[in-house]
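Listed here are the chains, written in short residue letters.
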Amino acid sequence: MTVTFDDILAARDRIAGQVDRTPVRHSRKLSQLTGAEVWIKYDNLHFTGSFKERGALNRLLQLTPDERKRGVVAASAGNHAQALAYHGARLGVPVTIVMPEGTPFVKADGTRAHGATVVIKGADFSGSTEEAHRFRDEEGMVFISAFDDAGIVAGQGVCGLEFMEDAPDLDVLIIPVGGGGLIAGSALAAKGLKPSVRIFGVEAAMYPSFNAKRRGETAKCSGQTIAEGIAIKAVGDIPFALADPLVEEVLVVDEADFEKGVAFLATLEKTVAEGAGAGGLAAMLAYPDKFRGLKVGLELTGGNIDSRMLAVVLNRELVREKRLVVYRILGDDRPGMLSKMSAVIGGLGGNIIDVVHNRLALDVPAKGAEFDIMVETRGEAHADEIRHELEEAGYALRMG
């Protein structure tokens with residue numbers, strides 16, 4: 001089973017008017033940050049919050065009348081689930097979704113809100129897929145893979161068509177890789193319009209399945225990644241066969257860069273991205289020399305991030321930038337000590353956010369106390385200035 005450029009054109013016509021054509025915009029701030037000319041396709045603006053709608057609808061529209069009655073089942077960490085649930089409800093097709101344990105609440109709740117039956121089963125995507133196959137075999141449902149399906153791949157390819165039509169001068173497209181459906185379809189579409197465009201993929205370091213398959217190895221995948229949308233242990237056979245000859249390189253990115261990508265998109269672009277959705281920017285941050293001076297298109301695949309996790313990521317970025325610092329100070333446990341420390345910090349313009357006293361640590365004298373003082377600063381130079389003044393005032397700073 002394969003997919004052609006004509007299949008993608010047919011998918012575009014099939015789903016026309018039923019899925020938003022998301023905007024492509026130039027980002028001046030990210031261009032300044034990276035040294036490249038950055039263009040973003042905002043697929044987080046789809047009604048269900050991700051790019052998955054094109055493939056899901058295209059596949060559902062290809063069901064026979066009998067298959068529509070029997071209903072569909074899928075395994076998904078959330079975005080494929082929501083897309084199937086929403087368009088299934090529109091078309092009157094019953095949808096059952098099996099989700100891995102630990103799926104973000106926002107994605108599970110969003111899927112239920114669209115009318116699907118949600119089953120939480122499996123420690124990871126592989127375990128959920130096994131359960132979905134059981135529904136297929138025992139209940140007679142139609143299994144729709146999130147990526148290893150020709151109809152899905154063709155639908156996702158419409159993303160590449162739209163991107164290149166709206167930004168035809170791009171030198172590079174960077175596309176997150178999980179099961180491979182998006183990069184396969186988009187690479188086929190983009191190169192069909194502009195053969196010279198270079199295609200790069202992005203994988204989470206914990207789940208390097210595409211790179212492993214290229215080497216003929218079994219991927220070593222494990223761990224909790226913020227990019228759970230691309231945490232797939234095995235790339236699909238159909239998308240790999242299509243993408244392998246078209247993709248120049250799949251870049252492996254660590255968690256810190258995914259976090260930075262989410263934070264920069266929020267603070268600089270004023271847009272919400274989930275971990276996988278920020279993968280393109282994360283790759284540019286991790287490999288800046290590869291893209292400097294080029295016209296780069298980033299596929300912002302989705303914005304379905306749990307609000308608590310978004311808050312954690314933004315606060316962790318403040319810590320990296322030393323705009324949020326904890327000074328751990330060993331001092332005497334007597335009245336007035338805290339006010340004196342506060343006077344030093346406040347005198348330099350630091351804003352004290354929180355204070356924790358520790359009197360029970362055995363490496364702290366019985367008549368002493370350890371103070372963890374969380375301070376908001378203007379950045380690294382300001383944080384170092386406060387640290388220096390505390391030391392000059394005679395306070396013993398410990399690691400913190």
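It should be noted that the structure appears before, not after, this text.
Scope of this entry: the structure provided in the associated data block.

On the surface, E385, E389, E391 and E392 cluster together to form a negatively charged patch. You can see E391 is positioned in helix α17 (residues 380-392).

Overall, the coordinates contain three aromatic pairs when judged by the stated rule. Residues F200 and F291 carry aromatic rings whose centres are separated by 5.1 Å and whose planes lie at 80° to one another, so their mutual orientation is edge-to-face. Pair noted here: F200 is in strand β8 (residues 198-204) and F291 is in helix α14 (residues 288-291), with a separation of 91 residues, a long-range link. A centroid spacing of 5.0 Å and a plane angle of 55° characterise the contact between F210 and F240, whose relative ring orientation is tilted. Placement of F210 in helix α10 (residues 209-214) and of F240 in helix α11 (residues 237-243) is noted, with a sequence separation of 30 residues between them. The ring of F135 carries the charged tip of R134 above its face, separated from the ring centre by 4.9 Å. In this structure, K213 is placed above the aromatic ring of F240, and the distance from its NZ or CZ to the ring centre is 5.4 Å.

For the rest of this paragraph, the subject is α17. With 13 residues, α17 should cover 18 Å at 1.5 Å per step; its first-to-last C-alpha distance of 18 Å lies within 8% of that length. Taken together, the buried positions of α17 are H382, A383, I386 and L390. Buried residues along α17 cover an arc of 100° about the axis, so they all sit on one side. Among the exposed residues of α17, those pointing more than 90 degrees away from its buried face are A381 and E392. Along its buried surface, α17 packs onto β11 (324-332), α16 (337-347), β13 (368-376) and β14 (396-398).

Rules used in this analysis
- Residues numbered from 1 in each chain as written.
- Predicted model: local features only at pLDDT ≥ 70, side-chain atom pairs only at ≥ 80, totals over all residues.
- Heavy atoms only, no water.
- Patch = residues over 30% accessible without salt bridge, like charges linked within 9 Å, V, L, I, M, F, W, Y side chains within 5 Å.
- Areas by Shrake-Rupley, 256 points an atom, 1.4 Å probe, with all protein chains shown as cover.
- Salt bridge = Lys/Arg side-chain N within 4 Å of Asp/Glu carboxyl O.
- Lys, Arg positive; Asp, Glu negative; His and termini not counted.
- Charge placed at Lys NZ, Arg CZ, Asp CG, Glu CD.
- Helix = DSSP H or I, 4+ residues; strand = E, 2+ residues; numbered from the N terminus.
- Phe/Tyr/Trp six-rings, centres within 6.5 Å; stacked < 30°, edge-to-face > 60°.
- Lys NZ or Arg CZ within 6 Å of the ring centre and 35° of its normal.
- Expected span 1.5 Å × (residues − 1).
- Buried < 20%, exposed > 50% of the residue type's maximum accessible area, 1.4 Å probe, protein only.
- Arc of directions from axis to C-beta.
- Contact = heavy atoms within 4.5 Å.

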